[in-house]
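So the chains spell out like this:
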Amino acid sequence: MNQYETNSMIQKFIERRYEVVEATKKADIYIVNTCTVTNMSDRKSRQMLRRVKEQNQEAIIVAVGCYVQVAKEEIQKIEEIDLILGNNEKKEIVEIVEKYKEENKKQSKIEDVMQQKEYVELGETTYTEKTRAVIKVQDGCDRFCSYCIIPYARGRVRSRKPENILKEIKKIAQKGIQEVVITGIHIASYGKDFKEKYRLIDLLEEIEQIEGIQRIRLGSIEPLLITEEFVQRLSKLEKICHHFHLSLQSGCDETLKRMNRKYTIEEFKEIVKRLRKTYQDVILTTDIIVGFPGENQKEFETTYQFLKEIKFYKMHVFKYSPRKGTKAAEMKGQIDGKVKEERSQKLLELSDQNQKEYNKTYIGQEVEVLWEEEKNGYYQGHTKNYILAWIKSEENLENNIIKARCIEEETDYILLEKEKTCNKTVINA
């Protein structure tokens, strides 16, 4: 989502005939879209703000985004910054910068996002790669997990009007981009703030009808979204990618309670069964936090055994980092860093093992891949269930959907080979 919003700001400057350069190049204006997920991301944001000033002492330095939203007093101590803007100010960033150029007066403008009741449109721009586009459909979160600062940085749930989303995706399709990724802070909550009954599944059913879009991929989702009704309706959509990133965080009920997560591991098991019953080739990935306050060895082992049972294709493992302003930062039982590292490594080894074993099952099978880019004679792309694939080809495959046979597997990708009789579908040559 940060990529989406960064690109939106870039497009606004391009429309005003500004030239956009890489962050390492000398520029007249530097805009740092800050993150505040952890204390580490706060520190990186501060470092970046100071670093870009060194590249051009005369440049205008703008701090914008989540860290600014929750730590205005800290940001104001950084002398290098000229403009301090919150999340809602991204929509008018060019006007604010140009006003500063005229007045040459340091200022900050940060609306209270907790009071924001409607989704703020950033304009008709989308973060795109060569073959896929990220579509932001909502902002904010009402969950207030005990470790998470994001609700305070983003505010309550605000859903984007479906007509604006569909209009944007139709424009994306006209550009020849075939895959859209649905993203937001908490997309499972999409539509809960609408007066009429219209939820995420209703939106997906409408996106399915847009000509030119071949794949619809969901970003990280709350497990409880996956109800029987949701899956029944979802299974009828041919363009949905059979990859679901279910944000688990822990495989132990006691830990989940302290995290203020709203499900149990038994409920999660049923959700996994539901998806695997519906999609034979489904791939499930997840996020796990190790070393959460109070997570003793018994709780960690419970999580480990649960993860062995579920067999996620890939796990993103995070060592818990106290975030100032959250309940978890004040909890007793903070875990030693060495213990966190040991637990993290154990789960990462399990993740690699699962991924390699699953990839091995594809040897000899024919799979369909949307090819994205070429590197050293090999094209890289993803299957519909989001396995990374490589293929050697002298022919330009970029943005083509092609079936090929798997001949080799590695931990993080599969190697394919085209056959003379292979079914090739050129969507946008």
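For the structure, check the block above.
Criteria and thresholds
- Residues numbered from 1 in each chain as written.
- Predicted model: local features only at pLDDT ≥ 70, side-chain atom pairs only at ≥ 80, totals over all residues.
- Heavy atoms only, no water.
- Buried < 20%, exposed > 50% of the residue type's maximum accessible area, 1.4 Å probe, protein only.
- Helix = DSSP H or I, 4+ residues; strand = E, 2+ residues; numbered from the N terminus.
- Pairing = 2+ DSSP bridges.
- Right-handed = clockwise from strand over helix to strand, strands pointing away.
- Axes fitted to C-alpha atoms, helices over the stretch in contact; angles between N-to-C directions.
- Contact = heavy atoms within 4.5 Å.
- Core = buried A, V, L, I, M, F, W, Y, C linked by side-chain atoms within 4.5 Å.
- Parallel < 35°, antiparallel > 145°, perpendicular 65-115°, else oblique.
- Left-handed = near helix turned anticlockwise from the far one by under 90°.
- Nonpolar A, V, L, I, M, F, W, Y, C, P; charged D, E, K, R; others polar.
- Disulfide = S-S within 2.5 Å.
- 1 Å grid on protein atoms, 1.4 Å probe; cavity = no way out; pocket = protein on both sides within 12 Å on 5 of 7 lines; lining within 4 Å.
- Points joined across faces, edges and corners; volume = space filled by probe spheres on them.
- Arc of directions from axis to C-beta.

Caption draft 1: Broad picture of the pairing of strand 9 (residues 215-218). Of the two faces of strand 9, both are covered, the one formed by Arg215 and Arg217 as well as the one formed by Ile216 and Leu218. Note: strand 8 (residues 179-184) against strand 9, four bridges, orientation parallel. From the neighbouring strand, Ile182 faces strand 9, where its bridge partner is Leu218. In this region the chain leaves strand 8, passes through helix 8 (residues 200-207) and returns to the parallel neighbour strand 9; the handedness of that crossover is right-handed.

Caption draft 2: A look at the sheet that holds strand 3 (residues 83-85). Pairing is parallel in the open sheet, where four strands are placed in the order 1-2-3-4. Two strands lie at the open edges of the sheet, namely strand 1 (29-34) and strand 4 (107-109), each paired on one side alone. Adjacent strand axes in the sheet meet at a mean angle of 15°, parallel and antiparallel pairs treated alike. Contacts from helix 1 (residues 2-15) reach strand 1 and strand 2 (60-65), with the element oriented near 160° to strand 1. Lying over the sheet, helix 5 (residues 93-103) contacts strand 1, strand 2, strand 3 and strand 4, oriented at roughly 155° with respect to strand 3.

Caption draft 3: Spotlight on the pairing of strand 6 (residues 132-139). Among the eight residues of strand 6, eight are classified as buried, and the element is accordingly described as predominantly covered. In this structure, strand 6 lies alongside strand 7 (residues 158-159), joined through two bridges in antiparallel fashion. Residue pairing in the sheet places Asp139 in a bridge with Arg158 of strand 7.

Caption draft 4: How the structure looks around the nonpolar core. Within the largest apolar cluster, 65 residues are counted, with the highest numbers of intra-cluster contacts made by Ile182, Leu204 and Phe244. The contact partners of Ile182, leaving out residues within four places of it in the chain, are Ile135, Val137, Ile187, Leu200, Leu204, Ile207, Ile216, Arg217, Leu218 and Gly219. Membership of the second largest hydrophobic core comes to 16 residues, among which are Trp371, Tyr379, Leu397 and Ala404.

Caption draft 5: Region of the structure containing the side chain of Glu295. Along the chain, Glu295 turns up in the loop between strand 11 (283-290) and helix 12 (297-310). Every residue in contact with Glu295, bar those within four places of it in the chain, is listed here: Thr255, Arg258, Ile289, Val290, Phe300, Ile335 and Arg343.

Caption draft 6: Molecular detail of the packing of helix 7 (residues 162-174) against helix 8. Where helix 7 meets helix 8, the axes come as close as 11 Å, and the angle between the chain directions of the two elements is 30°. By the angle class used here, helix 7 and helix 8 are roughly parallel. Handedness of the crossing formed by helix 7 with helix 8: right-handed. Packed against helix 7, whose contacting residues are Pro162, Ile165, Leu166 and Ile169, the element helix 8 presents Leu203, Glu206 and Ile207 at the interface. Taken together, the residues of the contact of helix 7 with helix 8 sort by class into six nonpolar, no polar and one charged.

Caption draft 7: Representation of the state of the cysteines within the structure. Under the defined criterion, the tally for this structure stands at zero disulfides. The closest cysteine sulfur to the non-disulfide-bonded Cys35 is located on Cys66, 6.5 Å from its own sulfur. Accessibility expressed as a relative area gives 24% for Cys35, which makes it partly exposed. Free of any disulfide, Cys145 has its nearest neighbouring cysteine sulfur in Cys148, separated by 6.2 Å. A residue is classified by how much of its surface remains accessible, and Cys145, at 10% relative accessible area, is buried.

Caption draft 8: Molecular detail of empty space enclosed by the protein. Tallied over the entire structure, the rule returns two cavities of 30 Å³ or more. As for the largest cavity, its lining consists of Glu5, Asn87, Asn88, Lys90, Tyr119, Val120, Leu122, Lys136, Asp139, Arg154 and Arg158. A class-by-class count of the residues in the lining of the largest cavity yields three nonpolar, two polar and six charged. Of the volumes computed, that of the second largest cavity is approximately 30 Å³. Around the second largest cavity sit Arg143, Cys145, Glu222, Asn260, Arg261 and Lys262, which together line it. The residue makeup of the lining of the second largest cavity, split by class, is one nonpolar, one polar and four charged.

Caption draft 9: Expanded view of helix 5. Residues of helix 5 that are buried: Ile93, Val94, Ile96, Val97 and Tyr100. For helix 5, the buried positions fall inside an angular range of 165° around the axis, keeping them on one side. Elements in contact with the buried residues of helix 5: helix 1, strand 1, strand 2, strand 3 and strand 4. Positive backbone phi, at 50°, marks Asn104, one or two positions downstream of helix 5.

Caption draft 10: How the structure looks around the sheet that holds strand 10 (residues 243-249). Taking strand neighbours across the sheet as the criterion, the three strands line up as 10-11-12 in an open arrangement whose pairing is parallel. Two strands lie at the open edges of the sheet, namely strand 10 and strand 12 (314-319), each paired on one side alone. Sheet twist, expressed as the average angle between the axes of neighbouring strands with direction ignored, equals 15°. One ladder, built from five bridges, connects strand 10 with strand 11; its direction is parallel. Directly across from Leu246, in strand 11, lies its bridge partner Thr286.

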